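Chains, contacts and geometry: an overview
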Amino acid sequence: MSDTLATALLLPVMLFFFLLVPDFIMYANISVKANHIATDTVQLAERVGGFEYSEGGTSVNLGEHIEEQFRFNNLNVDAWSYEYTAGRVDYNKPMQVVIRGGYYFSIFRILGMSDDELEFSTTIPVVATRSGVGQVFFR
């Protein structure tokens, strides 16, 4: 009798976790992609002297690079946003990029629940922030 009761109580809990583990793996995958994009963009901005500026004959716009990286990593450009330090960044001055998005846990869709029925949001935010310092001297 006790084995049947334990099985009846444990089976739904184990089923929930077996369905939830793939969602956590996908969340981690998207978080790693966002952090990689942020790191790559800051390193590039350090080498070119900023994220977006136009001075003399030189024009730099890393916003296009970030959106290209979103497409390359299969992240929806419309669902993700980014902010960065405006203008050129001189040698040894700080710069920062912030990439924001979210991941919707699909287990609740499988179970037939919507955000309206639940008392919490099933979308978990993904935020990647990277800082750097300029490595270019401007005259």
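Everything here concerns the structure above.
Throughout this document, residue positions are counted from 1 along each chain, in the order its sequence is written. For this predicted model, a pLDDT threshold of at least 70 governs which residues receive local features, and a threshold of 80 or more governs which side-chain atom pairs are given and counted, while totals over whole chains, interfaces and linings are taken from all residues. Side-chain measures were taken over the full set of non-hydrogen atoms in the model, leaving aside hydrogen atoms and water.

1. Examining the overall build of the chain
Helix and strand definitions follow DSSP, with helices as H or I runs of at least four residues and strands as E runs of at least two, each counted in order from the N terminus. Along its length, the chain carries 3 helices and 6 strands. Tracing the chain from N to C terminus, the helices and strands come up as α-β-β-α-β-β-β-α-β. Its C-alpha atoms give the chain a radius of gyration of 22 Å, clearly above 14 Å, the size a compact globule of 139 residues would have. The classification of residues rests on relative accessible area computed with a 1.4 Å probe and restricted to protein chains. Under 20% of the type maximum is buried, over 50% is exposed, and intermediate values are partly exposed. Counting the 139 residues in the chain, one finds 29% classified as buried. A separation threshold of at least 6 residues defines the contact pool for the chain, and within that pool the share at least 24 residues apart is 64%. All accessible-area figures derive from a Shrake-Rupley calculation using a 1.4 Å probe, and residue coverage is judged against the displayed protein chains alone. Only carbon and sulfur atoms are counted for the fraction: they give 58% of the accessible area of the chain, which is about 9100 Å². For the charge count, each Lys or Arg is scored as positive and each Asp or Glu as negative, with His and the chain ends excluded. Charge coordinates come from a single atom per side chain, which is NZ of Lys, CZ of Arg, CG of Asp or CD of Glu. Here the chain contributes 9 positive and 16 negative side-chain charges, whose respective centroids are spaced 13 Å apart. In this setup the radius of gyration rests on C-alpha atoms only. A globule is expected at 2.2 Å times the number of residues raised to 0.38. Contacts are assigned to residue pairs that have any heavy atoms within 4.5 Å of one another.

2. Points about the environment of Arg-130
Tracing the backbone shows Arg-130 in strand β6 (residues 123-133). Along the backbone, Arg-130 and Tyr-84 are 46 residues apart, and their C-alpha atoms lie at a distance of 9.6 Å. Those residues in contact with Arg-130, other than ones at most four positions away along the chain, are Asn-35, Ala-38, Thr-39, Val-42, Met-95, Gln-96 and Val-97.

3. Focus on the pattern of salt bridges
A side-chain nitrogen of Lys or Arg and a carboxyl oxygen of Asp or Glu constitute a salt bridge if their distance falls within 4 Å. Inspection of every chain in the model, using the stated rule, returns 2 salt bridges. We note a salt bridge from Arg-88 to Glu-55, for which the minimum N-O separation is 2.5 Å. With Arg-88 in strand β4 (residues 87-88) and Glu-55 in strand β1 (residues 50-55), this pair connects stretches of sequence that are 33 residues apart. A salt bridge links Arg-100 to Glu-83, with the nearest nitrogen and oxygen atoms 3.0 Å apart. Note that Arg-100 is positioned in strand β5 (residues 94-104) and Glu-83 in strand β3 (residues 81-84), a separation of 17 residues in sequence.

4. Here we look at the sheet that holds β5
Ordered in space as β3-β5-β6, the 3 strands form an open sheet in which the pairing is antiparallel. Since the sheet does not close on itself, it has two edges, and those belong to β3 and β6, each with one partner. Geometrically, the sheet is characterised by an average inter-axis angle of 15° between neighbouring strands, direction not taken into account. Strand pairing is assigned whenever DSSP detects at least two bridges linking the two strands. Taken together, the 4 bridges between β3 and β5 define a ladder with antiparallel strand orientation. Of the residues in β5, the one forming a bridge with Tyr-82 is Ile-99. In this description, a line fitted to the C-alpha atoms serves as the axis of each element, helices being fitted only across the stretch in contact, and the angle between N-to-C directions of two axes falls anywhere from 0 to 180 degrees. Helix-sheet contacts for helix α1 (residues 2-48) involve β5 and β6, and the interaxial angle to β6 is about 25°. Across the face of the sheet, helix α2 (residues 63-72) comes into contact with β3 and β5 while running at roughly 150° to β3.

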